[in-house]
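# Chains, contacts and geometry: an overview
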Amino acid sequence: MSDTEEQMGEEAEDEVVGGNEEEQLGEEEEKLGEEEEKQEEEEEEEKVPENPLTEETVGECLSLLCKTGDGLAHAFVRLDIHEREITDISILKAFIHLRYIDLSGNKLKDISSLSVLTHLLTLKADNNLLVSAKLEEMPFLQIASFNKNKIKSLEGVNHPMLEHLSLNDNEINQISGLDPVKLSRLHTLELRGNKLETTEGVCLPNLKNLFLAANTIKKVEGMNRLQSLTTLHLRDNQLEALDGFVEDLKMLQYINFRGNNLTSLKELQKLQPLPMLRALVLSENPAAEEEDYRLEVLITLRKLERLDKEEYNDEEREEAEQIYEQRRQEELAAENTAEGEQE
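Residues numbered from 1 in each chain as written. Predicted model: local features only at pLDDT ≥ 70, side-chain atom pairs only at ≥ 80, totals over all residues. Heavy atoms only, no water.

### Thoughts on the pairing of strand S2 (residues 74–80)
- Relative to S2, strand S1 (residues 62–67) runs antiparallel, the two being bridged by five bridges. Directly across from Cys66, in S2, lies its bridge partner Ala75.
- Sheet topology places S2 next to strand S3 (residues 100–102); three bridges connect them, and they run parallel. By the bridge assignment, Leu79 is partnered in S3 with Ile101. (Pairing = 2+ DSSP bridges. Helix = DSSP H or I, 4+ residues; strand = E, 2+ residues; numbered from the N terminus.)

### Topic: the packing of aromatic side chains
- Taken as a whole and assessed by the stated rule, the structure comprises one aromatic pair.
- Here Phe245 and Phe257 contribute two aromatic rings whose centre-to-centre distance is 5.8 Å and whose plane-to-plane angle is 90 degrees, an arrangement assigned as edge-to-face. With Phe245 in the loop between strand S9 (231–233) and strand S10 (254–256) and Phe257 in the loop between S10 and strand S11 (279–281), the pair connects residues that are 12 residues apart, well separated along the chain.
- Judged by relative accessible area, Phe257 falls into the buried class, the value being 0%.
- Over the aromatic face of Tyr100 sits the side chain of Arg78, whose NZ or CZ is 4.8 Å from the ring centroid.
- Over the ring of Tyr324 we find Arg302, and its NZ or CZ is 3.8 Å from the ring centre. (Phe/Tyr/Trp six-rings, centres within 6.5 Å; stacked < 30°, edge-to-face > 60°. Buried < 20%, exposed > 50% of the residue type's maximum accessible area, 1.4 Å probe, protein only. Lys NZ or Arg CZ within 6 Å of the ring centre and 35° of its normal.)

### Things to note about the side chain of Asp126
- Along the chain, the position of Asp126 falls in the loop between strand S4 (122–124) and strand S5 (143–145).
- One buried charge, Asp126, has no salt-bridge partner; the nearest side chain with opposite charge is Lys124, at 4.4 Å.
- Within polar-contact distance, the side chain of Asp126 engages the side chain of Ser145 at 2.7 Å.
- Excluding anything up to four places from it in sequence, Asp126 contacts Leu103, Ser104, Gly105, Ser145, Phe146, Asn147 and Asn149. (Lys, Arg positive; Asp, Glu negative; His and termini not counted. Salt bridge = Lys/Arg side-chain N within 4 Å of Asp/Glu carboxyl O. Polar contact = N/O pair within 3.5 Å; in protein donor to acceptor, adjacent residues only side chain to side chain. Contact = heavy atoms within 4.5 Å.)

### Points about the layout of surface pockets
- Volume-wise, the largest pocket comes out at about 510 Å³.
- Counting residues per element, the ones that place at least two in the lining of the largest pocket are helix H3 (293–300) and helix H4 (314–342).
- Residue composition of the lining of the largest pocket, grouped by class: nine nonpolar, three polar and nine charged. (1 Å grid on protein atoms, 1.4 Å probe; cavity = no way out; pocket = protein on both sides within 12 Å on 5 of 7 lines; lining within 4 Å. Points joined across faces, edges and corners; volume = space filled by probe spheres on them. Nonpolar A, V, L, I, M, F, W, Y, C, P; charged D, E, K, R; others polar.)

### Quick word on the nonpolar core
- Core analysis: the largest hydrophobic core is formed by 79 residues, its most contacted members being Phe146, Phe245, Phe257, Leu271 and Leu280.
- Mapped onto this core, the elements with two or more residues apiece are helix H2 (55–61), H3 and H4.
- In this structure Leu271 touches Leu242, Phe245, Ile255, Phe257, Leu277, Leu280 and Leu301, once residues within four positions along its chain are discounted. (Core = buried A, V, L, I, M, F, W, Y, C linked by side-chain atoms within 4.5 Å.)

### As for unusual backbone geometry
- Residues other than glycine seldom take positive phi values, yet Glu83 does so here, at roughly 55 degrees.
- Among the secondary structure elements, Glu83 is positioned in the loop between S2 and S3.
- Residue classification places Glu83 among the exposed residues on the basis of a relative accessible area of 63%.
- Its identity is not glycine, yet Lys309 carries a phi of approximately 70 degrees, on the positive side.
- Looking at the element boundaries, Lys309 is found in the loop between strand S12 (306–307) and strand S13 (310–311).

As C-alpha cells, this is what we get:
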C-alpha cells in the first residue's frame, strides 16, 4: 500500500470514528434531554399548589339524600369533586355516610383517608397523581377506577365485595398480590396501557373479563386458574406464539389478538383445547396476510362463529368442513402407508 493510500485509509477511519463519536454524543445528549424533561415533570408535580378540599366545596358537591345505615336519619351519600385541582381530601374522614365518590381529574397523591368510609360502594379516582391504589379493606366497595395515574403495583386492592377494578394507563409491570379468596366477586379486571410483559399472576377463578391491551406482553402464562373467564383482550401486545392456552379455560368465548406479532396461522392449533371459543380477532398480525386467511382459521377452529368481527356464513363453514375432512383422510392414508412400510 502506498503512503497516499494509507493516509486516505487513516482519514476514512478517522471520519468513521468521528462519526461514531458524534453519534454517541448525540445519544448521550438525547438521554440527558429525556432525564431533564422527566426531572422537570417531577418538579412541576412537586410545585402543585396546595388546594385542600374544604367544607364549603364538599357542601356544593354533595347529592343523593338517603337513609343512613341505622335507618334513623338521612345523609347525602354522593360526592362529585372531579376536575377541581384538589390536592388533599383529609376532610372526607368526617363524611362517614358517603357511598359514591368521584375524585377524577384532580392533583391527588394520597387517598388513604378514604379508608374510614366503610359504606363506600363506588370510587372513581382517574387522572390524578396517585402512585398507589392502596386502601384498608373496604367491606362494601363494588366498583373502583384508578385509570391514568402513576400506580406501580396492585397492592391494597383486595376488597371482598369488589366486582369491577380498573387500573388502565398506569405503570404496573407485574400482576401480583391479588387474593383469590378476598376477590371472589371480581368479574372484570382492566389493566390496559401498563408495562406488563406476561399474563402471569391473575389467579382469580371467578373472573369473567380480563383487559390487557396495549402492554408489552410476550407470553401468555398462569391462565389455569381462570376457569370462569369468557373475554380476553390482548390487543396491541408483542405475542409471537400462543402457548399458555389450557383446557382449564373452559368458558373462554372471545379473544382479541389484534396488533400482535403472530406470523403463522399454525399457532391457532394451540387454541383448539378451548371448547367455548366462538369469536377471535387476528387483524393487524402478519398471519392475517396469509392466503385463504379466513378459511384456514375456520379449518383449524371449526366451532368459531366470528373472525375479526365478521360472522362466518354457511358457505364458508361448509367449505371449511370439506377441506378439513379431505386433509384428515390424506393424513390417515399417509399414516397407513407409513405403518405398512414399517411392517
